[in-house]
Number of protein chains: 2
Amino acid sequence: MTLVTIAQASAITGISAKMIRHYESIGLIAAPLRTENRYRHYSDSDLHDLGFIRRSRDLGFSFEDIRQLLSLWRDRGRSSAEVKAIALRHIAELDQKAAALAAMSRTLKRLAASCHGDDRPDCPILEALDPPFITETHTNP
Amino acid sequence: MTLVTIAQASAITGISAKMIRHYESIGLIAAPLRTENRYRHYSDSDLHDLGFIRRSRDLGFSFEDIRQLLSLWRDRGRSSAEVKAIALRHIAELDQKAAALAAMSRTLKRLAASCHGDDRPDCPILEALDPPFITETHTNP
DNA sequence: ATTGACCTTACCACAATGGGAGGGTGGTAT
DNA sequence: ATACCACCCTCCCATTGTGGTAAGGTCAAT
């Protein structure tokens, strides 16, 4: 069993030492072994978990999702349906966020296209941000 | 000049009273009039700015961008090029984020499609998150 | 014995938003 | 008058994921 320091674990997994400690503090990973001088030392199993977390993060999973995924990974009796359900929900969130961003981008592109972008002050972008009318909209009369 | 309370301003602009106070605290909007009892009262001009902020926020602009956009809106001698530059930079950021999300979604969809999602434990999603090998990658020998 | 590279904990910060505590104000209903 | 309710106020804390910084301990080599 190889043991590495936190800086080495960071270099191997691509997760900053700062974040590794943070993952430990929120209970996402188990507390690693400590040498007499209180230095953390990570085992292969620890490194596996960190790598798992790294890949999950790269796919945009939240810590809460990662917690569940790690737990399922460890559970030999898991059903793949549980994993898939987490993934599908996350996919839906990703698609929703991407669609929202794309909608903003589309709107802005249309506005930017109609903005001449020279020294003159008139600009359809600002006009679009300008509220058209502030009437006394009594929502509660 | 109509003056409305913060709750009315919130109803009109769709920005929570909480956020309106926050915008004031960070200097995004000017401090509104106060009545003797320290209650905030918003003028049409204040409401305009809040509406402007609301629309900018809906397009995903950061507070810093909004600060500049508002300042340009007020500046009669602005050049539309300045506004367009902010918009184009923001569009690039939006597209980049959307592309990143879409890439995650694509990867996950591929994995989810190959996961049978039943009671059996084997799952390509978990396999993808599983680091393939933890060799002793001595980055610093 | 000093330097420099590592490690430790413990704070603070970000963007944008919400929640809640604890207290003041004002109008209305009894 | 008094109780009640709706509104307002200021503070503080939480979120998510990441980074910074400070102040100190440890260790190997010079």
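The structure under discussion appears in the preceding block.
Let us look at the structure shown here.

Cut-offs and rules
- Residues numbered from 1 in each chain as written.
- Chains lettered and ligands numbered in written order.
- Predicted model: local features only at pLDDT ≥ 70, side-chain atom pairs only at ≥ 80, totals over all residues.
- Heavy atoms only, no water.
- Helix = DSSP H or I, 4+ residues; strand = E, 2+ residues; numbered from the N terminus.
- Buried < 20%, exposed > 50% of the residue type's maximum accessible area, 1.4 Å probe, protein only.
- Contact = heavy atoms within 4.5 Å.
- Near = heavy atom within 4 Å.
- Polar contact = N/O pair within 3.5 Å; in protein donor to acceptor, adjacent residues only side chain to side chain.
- Nonpolar A, V, L, I, M, F, W, Y, C, P; charged D, E, K, R; others polar.
- Least-squares fit on C-alpha atoms with pLDDT ≥ 70 in both.
- Buried area = accessible area lost by both parts, 1.4 Å probe.
- Salt bridge = Lys/Arg side-chain N within 4 Å of Asp/Glu carboxyl O.
- Expected span 1.5 Å × (residues − 1).
- Phe/Tyr/Trp six-rings, centres within 6.5 Å; stacked < 30°, edge-to-face > 60°.

## Remarks on the side chain of A:Ser56
So, point 1. Within the secondary structure layout, A:Ser56 lies in helix H3 (residues 44–58).
So, point 2. Relative accessible area serves as the criterion here: at 0%, A:Ser56 is assigned to the buried category.
So, point 3. Setting aside residues no more than four positions away along its own chain, A:Ser56 makes contact with A:Phe61, A:Ile66 and B:Leu129.

## Comments concerning the protein's contact with DNA strand C
So, point 1. With respect to spatial proximity, 19 residues lie near DNA strand C, and among them A:Thr5, A:Arg21, A:Arg40, B:Lys18 and B:Tyr39 are the closest.
So, point 2. Backbone sugar and phosphate groups make up 64% of those atoms of DNA strand C lying within 4 Å of the protein.
So, point 3. Within the side chain of A:Arg21, one N or O atom sits 2.8 Å away from a phosphate oxygen of DNA strand C.
So, point 4. B:Asn37 places a side-chain nitrogen or oxygen 3.1 Å from a phosphate oxygen of DNA strand C.
So, point 5. Those elements giving two or more residues to the surface near DNA strand C turn out to be helix H1 (6–13) and helix H2 (17–25) of chain A together with helix H2 (17–25) of chain B.
So, point 6. It is H2(B) that contributes the most residues to the surface near DNA strand C, four residues altogether.
So, point 7. Split by residue class, the surface near DNA strand C holds seven nonpolar, five polar and seven charged.

## A word on the relation of the copies chain B and chain A
So, point 1. Least-squares fitting of chain B to chain A yields an RMSD of 0.1 Å, with the transformation described by 0.0 Å of translation along the axis and a rotation of 180°. This pairing of chains is accounted for by a two-fold axis. Within chain B, the C-alpha atom positioned nearest to the axis of rotation is that of B:Ala98, 2.4 Å from it.
So, point 2. Here 100% of the interface residues in chain B have copies in chain A that are interface residues too; the copies meet face to matching face.

## With respect to the interface of chain B and chain A
Reports of interface size often rely on the accessible area that becomes lost once the parts have come together.
So, point 1. In this assembly, 58 residues from chain B lie in contact with 58 residues from chain A.
So, point 2. Contact between chain B and chain A buries roughly 5000 Å² in total, counting both sides, with carbon and sulfur atoms accounting for 71%.
So, point 3. Inspection of the chain B/chain A interface yields two salt bridges.
So, point 4. The partner of A:Lys109 in a salt bridge is B:Asp95, and the shortest N-O contact between them spans 2.8 Å.
So, point 5. Counting the contacts that link chain B with chain A gives 24 residue pairs in polar contact (both at pLDDT 80 or more).
So, point 6. Secondary structure elements with two or more residues in the side of chain B that touches chain A: helix H1 (6–13), helix H3 (44–58), helix H4 (63–74), helix H5 (80–113) and helix H6 (124–129) of chain B.

## Details of the protein's contact with DNA strand D
So, point 1. Close to DNA strand D lie 18 residues; A:Lys18, A:Tyr39, B:Thr5, B:Arg21 and B:Arg40 are nearest.
So, point 2. When the atoms of DNA strand D within 4 Å of the protein are grouped by moiety, sugar and phosphate amount to 69% of the total.
So, point 3. Interatomic distance of 3.2 Å between a side-chain N/O atom of A:Arg57 and a phosphate oxygen of DNA strand D.
So, point 4. Between DNA strand D and B:Arg40 there is a distance of 2.7 Å, counted from a phosphate oxygen to a backbone nitrogen or oxygen.
So, point 5. For the surface near DNA strand D, the secondary structure elements donating two or more residues are H2 of chain A together with H1 of chain B.
So, point 6. If you tally residues by element for the surface near DNA strand D, the top one is H2(A), at four residues.
So, point 7. Each residue belonging to the surface near DNA strand D can be placed in one class, and the counts come to seven nonpolar, five polar and six charged.

## Things to note about unusual backbone geometry
Most peptide bonds take the trans configuration, and most residues that are not glycine carry a negative phi.
So, point 1. Even without being glycine, A:Arg38 reaches a positive phi, approximately 75°.
So, point 2. Relative accessible area serves as the criterion here: at 58%, A:Arg38 is assigned to the exposed category.

## Quick look at H3(B)
So, point 1. Taking 1.5 Å per residue, 15 residues should reach 21 Å; H3(B) reaches 21 Å between its end C-alpha atoms and fits that length.
So, point 2. Where the residues of H3(B) are buried, they touch helix H6 (124–129) of chain A together with H1, H2, strand S2 (40–41) and H4 of chain B.

## Digging into the packing of aromatic side chains
In this description, a pair of aromatic rings is defined by centroid distance and the angle of the planes.
Residues and elements named next belong to chain B.
So, point 1. If you walk through the whole model with that rule in mind, you get four aromatic pairs over all chains.
So, point 2. Considering the side-chain rings of Tyr23 and Phe63, the 5.3 Å spacing of their centres and the 85° angle between planes classify their relative orientation as edge-to-face. Taken as a pair, Tyr23 in helix H2 and Phe63 in helix H4 lie far apart in primary sequence, 40 residues in all.
So, point 3. Note on Phe63: relative accessible area 27%, which makes it partly exposed.

## Digging into the side chain of B:His41
So, point 1. Here B:His41 lies in strand S2.
So, point 2. In this structure, B:His41 is in contact with B:Leu3, B:Val4, B:Thr5, B:Pro32, B:Leu33, B:Thr35 and B:Asp46, ignoring residues within four places of it in sequence.

## Concerning the pattern of salt bridges
Residue and element names in this part refer to chain A.
So, point 1. The final tally for this structure, using the stated rule, is 18 salt bridges over all chains.
So, point 2. For Arg40, the salt bridge goes to Glu24, with nearest N and O atoms at 2.7 Å. With a gap of 16 residues between them, Arg40 in strand S2 (residues 40–41) and Glu24 in helix H2 connect regions that are remote in the sequence. Like Arg40, the residue Glu24 is buried in the burial classification.
So, point 3. When salt bridges with common partners are traced through the structure, they connect Glu24, Arg34 and Arg40 into a single cluster.

The values are spatial; any link to function lies outside them.
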